[in-house]
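# Per-entry structural report
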Amino acid sequence: IGTPFENEILRNYLLVTYPFIVVPPLPEKRAEFVWHKLSADNMDPDFVERRRVGLENFLLRVASHSVLSNDKILYHFLTEADSRIKALSATFRVKNPDKRFTEMKHYSDELQSLTSQLLRVRARVADRLYGVYKVHGNYGRVFSEWSALEKEMGDGLQSAGHHMDAYAASVDDMLEEEEHYADQLKEYLFYAEALRAVCRKHELTQYELEMASSDLISKKQQREELATGMVRTFSFKGMTNKLFGQETPEQREAKLSLLEEQIVQGEETVTEKTVECEEYVKGAWVDMQRFKEQKDRDLREALIGYAVMQISMCKKGIQVWTNAKECFHKM
């Protein structure tokens, strides 16, 4: 699986090399949204095992991805990771944002918020449920003690007590099973951040295109002003010319020649940035749709499984009291 540090480097490389991909998240570094019986200690064996399983799941998702699975040059990623990852964390204001990415970024925020709320509710419910189950052990103790007092009813009371003890003990296995469903939800808590990273990279790409276009427009305007001698906007250069005289024809030609070169380079840059932006949007949107299908499938299965488990727990509660009732009838 590799060390946590190695896995973080691997994921950072994937984020940099494939910015249009919704890269699978790594499992949590510390225990969050846990009910009180589970330790929040990062070195707790149960937590370490859950993180190991989470790292395996991360690698399986990467290996099964149609694009990421074809990567052959993982060992090169360190050369450019640092600077571009820093760029991804910057905030860029674009003049013409893509509405789809704006909405997806908002969706990722809501997904993370609602998933966090659900996990907090689940942790509170699990904590109270644990208490309810364990309290049934008191029923078992009382019925067992009572059975020693009542000769004719003793067997029935003792049997009822055994059912209560078994019911109280069963909560540990059930809540461990429940933790599995919580881990599936936590994965999408971190997927939301991966989704936002794709949207932020789109903002960066769009921003660079707009800056290149703006610079090109400015250069063309300077060329027109230099060629006609008419300045459309205020500038210190224009003020200086009025005070100290116009430039010589040779100076003007030299500046025009330089501007022509810069305009050609600017047009090439705008073309490159336009293609880069279009390709990014195309690739990112395709992977976002793939992610949506994966998310819908995974969350549907997790929530259905969680509901089935809750129904099973309720049935166990009904069954234990049904059994106790039969024991009472035999007294």
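Residues numbered from 1 in each chain as written. Predicted model: local features only at pLDDT ≥ 70, side-chain atom pairs only at ≥ 80, totals over all residues. Heavy atoms only, no water.

## Focus: the overall build of the chain
So the rule is basically this: Only DSSP runs of H or I reaching four residues or more are called helices, and only runs of E reaching two or more are called strands; each is numbered from the N terminus. Relative accessibility under 20% of the residue-type maximum defines a buried residue, over 50% an exposed one, and the middle range a partly exposed one, all with a 1.4 Å probe and only protein chains included. Contacts are assigned to residue pairs with any non-hydrogen atoms lying within 4.5 Å of each other. For the area figures, the Shrake-Rupley method with a 1.4 Å probe applies, and any residue is considered shielded solely by the protein chains shown.
Summing up its helical and strand segments, the chain has eight helices and zero strands in all. Taken from N to C terminus, the helices and strands of the chain fall in the order α-α-α-α-α-α-α-α. Taken across its 331 residues, the chain has 38% of its residues classed as buried. Taking the contacts inside the chain whose residues are at least 6 apart along the sequence as the reference set, 84% of them involve residues at least 24 apart. Surface exposure of the chain reaches about 20,000 Å², of which carbon and sulfur atoms provide 57%.

## Quick notes on the pattern of salt bridges
Our working definition: Any carboxyl oxygen of Asp or Glu that lies within 4 Å of a side-chain nitrogen of Lys or Arg is treated as forming a salt bridge with it.
If you walk through the whole model with that rule in mind, you get 22 salt bridges. Where K186 meets E179, a salt bridge forms, and the shortest distance between an N and an O atom there is 3.6 Å. In this structure K186 comes out as buried when scored by relative accessible area, which is 4%. Judged by relative accessible area, which is 3%, E179 ranks as buried. With its nearest N and O atoms 3.2 Å apart, the salt bridge here joins K219 to D215. On the criterion of helical spacing, the pair formed by K219 and D215 is a turn pair, its members being four residues apart in helix α6 (residues 171–228). Judged by relative accessible area, K219 falls into the buried class, the value being 16%. One network of salt bridges, in which partners are shared, links R122, E178, E179, D183 and K186.

## Focus: the environment of R11
Heads up, the rule is: Polar contacts here mean pairs of N or O atoms no more than 3.5 Å apart (in protein, one a potential hydrogen donor and the other a potential acceptor; neighbouring residues in sequence count only if both atoms are side-chain atoms).
Looking at the secondary structure, you find R11 in helix α1 (residues 4–17). Sequence separation between R11 and L59 is 48 residues; the distance between their C-alpha atoms is 9.8 Å. When neighbours within four sequence positions are excluded, R11 is seen to be in contact with V23, P24, P25, L26, F58 and A194. Of the polar contacts made by the side chain of R11, one reaches the backbone oxygen of V23; its length is 3.2 Å. Polar side-chain contacts of R11 include one of 2.6 Å to the backbone oxygen of P24.

## With respect to the packing of helix α4 (residues 99–149) against helix α8 (residues 249–329)
We count it as follows: Note on method: axes are straight lines fitted to C-alpha atoms, helices fitted across the in-contact stretch only, with angles between N-to-C directions ranging 0 to 180 degrees. In these notes the angle categories are as follows: under 35 degrees is roughly parallel, over 145 is roughly antiparallel, 65 to 115 is roughly perpendicular, and the rest is oblique. For any pair of crossing helices, the crossing counts as left-handed if the nearer helix is rotated counterclockwise from the farther one by less than a right angle, and right-handed if it is rotated clockwise.
Relative to each other, α4 and α8 sit at 15°, their axes nearing to 13 Å. Comparing their axes, α8 and α4 come out roughly parallel. The hand of the α4/α8 crossing is left-handed. Contact with α4, carried on its side by R100, F101, M104, Y107, L111, L118, R122, L129, Y133, H136, Y139 and F143, involves Y280, V281, A284, W285, M288, K295, L303, Y306, M313, W321 and F328 of α8 and no other residues of that element.

## Comments concerning the packing of aromatic side chains
Keep this limit in mind: Geometry of aromatic contacts follows a simple scheme: Phe, Tyr and Trp rings, the Trp one being its six-membered ring, pair when their centres are within 6.5 Å, and the pair is stacked under 30 degrees between planes, edge-to-face over 60, tilted otherwise.
All chains considered together, the criterion is met by nine aromatic pairs. With centroids separated by 4.3 Å and ring planes inclined at 25°, the aromatic side chains of Y133 and Y167 adopt a geometry described as stacked. Taken together, the residues Y133 in helix α4 and Y167 in helix α5 (residues 154–169) connect sequence positions 34 residues apart. Per residue, the accessibility class of Y133 equals that of Y167, and both read buried. Look at Y191 and F291: their rings are 5.2 Å apart centre to centre, the planes differ by 55°, and that puts the pair in the tilted class. Here the residue Y191 occupies a position in helix α6, and F291 occupies one in helix α8, the gap between them amounting to 100 residues. Taking the relative accessible area as the measure of exposure, Y191 reaches 1% and is therefore buried. Under the relative-accessibility criterion, F291 is labelled buried at 1%.

## Let's talk about a nonpolar patch on the surface
What counts here: Patch membership is restricted to residues that have no salt bridge and whose relative accessible area is over 30%. Joining uses 9 Å for like charges and 5 Å for the nonpolar side chains Val, Leu, Ile, Met, Phe, Trp and Tyr.
Residues V142, W146 and L149 make up a contiguous nonpolar surface patch of about 310 Å² in total accessible area. Note on placement: L149 falls in helix α4. Residue classification places L149 among the exposed positions, given a relative accessible area of 65%.

## Observations regarding the confidence of the model for the chain
Rule in force here: Confidence per residue, as judged by the predictor, is encoded in pLDDT with a range of 0 to 100.
Per-residue confidence for the chain averages 81 on the pLDDT scale, and 80% of its residues sit at or above 70. Across the chain, element-level confidence peaks in α8 with a mean pLDDT of 92 and bottoms out in helix α3 (residues 78–88) with 44. With pLDDT under 50 throughout, residues 38–43 is counted as low confidence; its partners more than four residues away or in other chains account for twelve contacts. This model gives residues 77–91 a pLDDT under 50, and the stretch forms 16 contacts once residues within four places in sequence are excluded.

## Some details on the environment of Y191
Between the C-alpha atom of Y191 and that of F291, which follows or precedes it by 100 residues, the distance is 9.5 Å. Leave out the neighbours within four places in its chain, and Y191 touches V22, V23, P24, P25, R61, F291 and Q294. There is a polar contact of 3.2 Å between the side chain of Y191 and the side chain of Q294.

## A few points about the packing of α4 against α6
Condition: Amino acids are sorted into nonpolar (Ala, Val, Leu, Ile, Met, Phe, Trp, Tyr, Cys and Pro), charged (Asp, Glu, Lys and Arg) and polar (every other residue, Gly among them).
α6 packs onto α4 with a crossing angle of 165° between their chain directions and a minimal axis gap of 9 Å. Relative to α6, α4 is oriented roughly antiparallel. Considering the relative orientation of α4 and α6, their crossing is left-handed. Taken together, the residues of the contact of α4 with α6 sort by class into 20 nonpolar, five polar and eleven charged.

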